[in-house]
Amino acid sequence: MDLSVIVPVFNEDESLPELCAWIVRVVKENNFSYEIIFIDDGSTDNSWNAIESLRSSNSNVKAIKFQRNYGKSAALNEGFRAAHGDVVITMDADMQDSPDEIPELRRMVIEGNYDIVSGWKKVRHDPITKTIPSKFFNWVTSKVSKIKLHDFNCGLKAYKLKVVKSIEVYGEMHRYIPLLAKWSGFKKIGEKVVVHNARKYGKSKFGTGRLITGGLDLASILFVGKYGKRPMHLFGTWGSFFFLIGFVMSIYLIITRLMHPEIGLSNRPPFYIALTAMIIGSQLFLTGFVAELISRNAPGRNSYLIEKKVGID
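The structure contained in this document is the topic of the report that follows. Note that residues are indexed from 1 along each chain, following the sequence as it is written. Note on the predicted model: pLDDT of at least 70 is required for a residue's local features to be given, and 80 or more for side-chain atom pairs to be given and counted; whole-chain, interface and lining totals, by contrast, use all residues. In computing side-chain properties, one takes all heavy atoms of the structure into account and sets aside hydrogens as well as water.

**Structural notes on the overall build of the protein**
- Scanning the protein for helices and strands turns up ten helices and eight strands.
- The buried label goes to any residue with under 20% of its type's maximum accessible area, the exposed label to any with over 50%, and the partly exposed label to all in between, with areas taken from a 1.4 Å probe on protein chains only. Taken across its 313 residues, the protein has 47% of its residues classed as buried.
- Here, residues are in contact when the closest pair of their heavy atoms is within 4.5 Å. Counted over contacts in the protein with a minimum sequence separation of 6, partners at least 24 positions apart contribute 82%.
- If you sum the accessible surface of the protein, you get close to 15700 Å²; carbon and sulfur atoms cover 60% of it. Helix and strand definitions here come from DSSP, where helices need a minimum of 4 consecutive H or I residues and strands a minimum of 2 consecutive E residues; each element is numbered from the N-terminal end. Accessible surface area values rest on a Shrake-Rupley calculation with a 1.4 Å probe, where residue burial reflects the displayed protein chains alone.

Next up, the structure:
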């Protein structure tokens, strides 16, 4: 199969028929074999009815319906699991992403041998509550990850199939999929300027709250990516450092006390500093041991309640 198009859906019933028709027109014009996978993320409107209607008239339309809202990362993760196309395209359901970009994105993956091609909404039609947090985190993520992308959070992306089968997207990590892919060894990441349409239906599901959650997600993904398989290297290093400082200070204080009996021990501030440093060091060291035991083994982290499936194995 040439192409899998994954579309997370949350209360987008108005746009789905038009979006699906647009995708189908583009793929047929280019003679692609394809599947369109809609992930209904617990919508409370008529999105699922719209998807079932589309499925009834086109067997290439497939869908998964979550029993409740889990978020975009969960939707993408389930879509990645279900995809079969050589190239996987992700796009939002609100029609701000243009399906006309699909052929060139696919060509860049196939002919340019990119692992990921990320869209760049150079000209945006979003309110300031979306653009300011987005620009800030794009800048920070680019600097920290050393991935030269202008728009990490663009929903319109193209992937090699082996990339989406090798990464796990959870929490709110969809913003940092290029970074997840890099940690998994997929380092050829490209970018393409894409058209960003003004919103035609509904309203934005995101706001300034991303400013806080985005920073926490970035810190989490950096930690997991660097120390997820070896947390003792972080906690053990700092634990040893603090314990050693406290231990050396304690030895110095004891020697000083033995040489000068008139000098007190427990009534001196350095005594409590040394004691605190040794306690912190021990706690960090023990945390490293515990983290090593539970690292990457939490059951059910990506287990979601799925109410229905159509066309999905």
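**Comments concerning the sheet that holds strand β3 (residues 61-66)**
- By definition, two strands form a pair when at least two bridges between them are found by DSSP. Pairing is mixed across the open sheet formed by eight strands, whose spatial order is β7-β5-β6-β4-β1-β2-β3-β8. Each edge of the sheet is formed by a strand with only one pairing partner; in this case those strands are β7 (189-193) and β8 (306-310). Each neighbouring strand pair of the sheet contributes to a mean axis angle of 15°, computed without reference to strand direction.
- In this structure, strand β1 (residues 3-9) lies alongside strand β2 (residues 34-40), joined through seven bridges in parallel fashion. To define axes, lines are fitted to C-alpha atoms, for helices over the stretch in contact only, and angles between the resulting N-to-C directions are given on a 0 to 180 degree scale.

**Focus on the side chain of Ser47**
- Mapping Ser47 onto the fold places it in helix α2 (residues 47-57).
- Taking the relative accessible area as the measure of exposure, Ser47 reaches 0% and is therefore buried.
- Think of a polar contact as two N or O atoms within 3.5 Å of one another; within protein, one of them needs to be a possible hydrogen donor and the other a possible acceptor, and neighboring residues in sequence only count if both atoms come from side chains. Engagement of the side chain of Ser47 in a polar contact is seen with the backbone nitrogen of Asp13, the distance being 3.2 Å.

**A closer look at the side chain of Asn77**
- Relative to the helices and strands, Asn77 is located in helix α3 (residues 72-82).
- With relative accessibility at 4%, the residue Asn77 sits in the buried group.
- Of the polar contacts made by the side chain of Asn77, one reaches the backbone nitrogen of Val169; its length is 3.0 Å.

**Some points on the packing of aromatic side chains**
- Two rings from Phe, Tyr or Trp (for Trp, the six-membered ring) form a pair when their centres sit within 6.5 Å of each other. Planes less than 30 degrees apart are called stacked, planes more than 60 degrees apart edge-to-face, and all others tilted. Going through the model one piece at a time under the given rule, you end up with seven aromatic pairs.
- With a centroid separation of 5.6 Å and 75° between ring planes, the pair formed by Phe241 and Phe242 is classed as edge-to-face.
- We call a charge positioned above a ring when the Lys NZ or Arg CZ atom is no farther than 6 Å from the ring centre and deviates by at most 35 degrees from the ring normal. Above the face of the Tyr114 ring, Lys188 is positioned so that its terminal group lies 5.1 Å from the ring centre.

**What to know about the packing of helix α1 (residues 16-29) against α2**
- Between α1 and α2, the least distance of the axes is 10 Å, while the angle of their chain directions is 35°. Between α1 and α2 lies a crossing of right-handed hand. On the side of α1, the interface is formed by Leu16, Pro17 and Cys20, while α2 contributes Ser47, Ala50, Ile51 and Leu54.
- Gly counts as polar in this scheme, as do all residues outside two lists: the nonpolar Ala, Val, Leu, Ile, Met, Phe, Trp, Tyr, Cys and Pro, and the charged Asp, Glu, Lys and Arg. For the contact of α1 with α2, a count of residues per class yields six nonpolar, one polar and no charged. Definitions for this section: a left-handed crossing has its near helix turned counterclockwise from the far helix by less than a right angle. A right-handed crossing has that turn clockwise.

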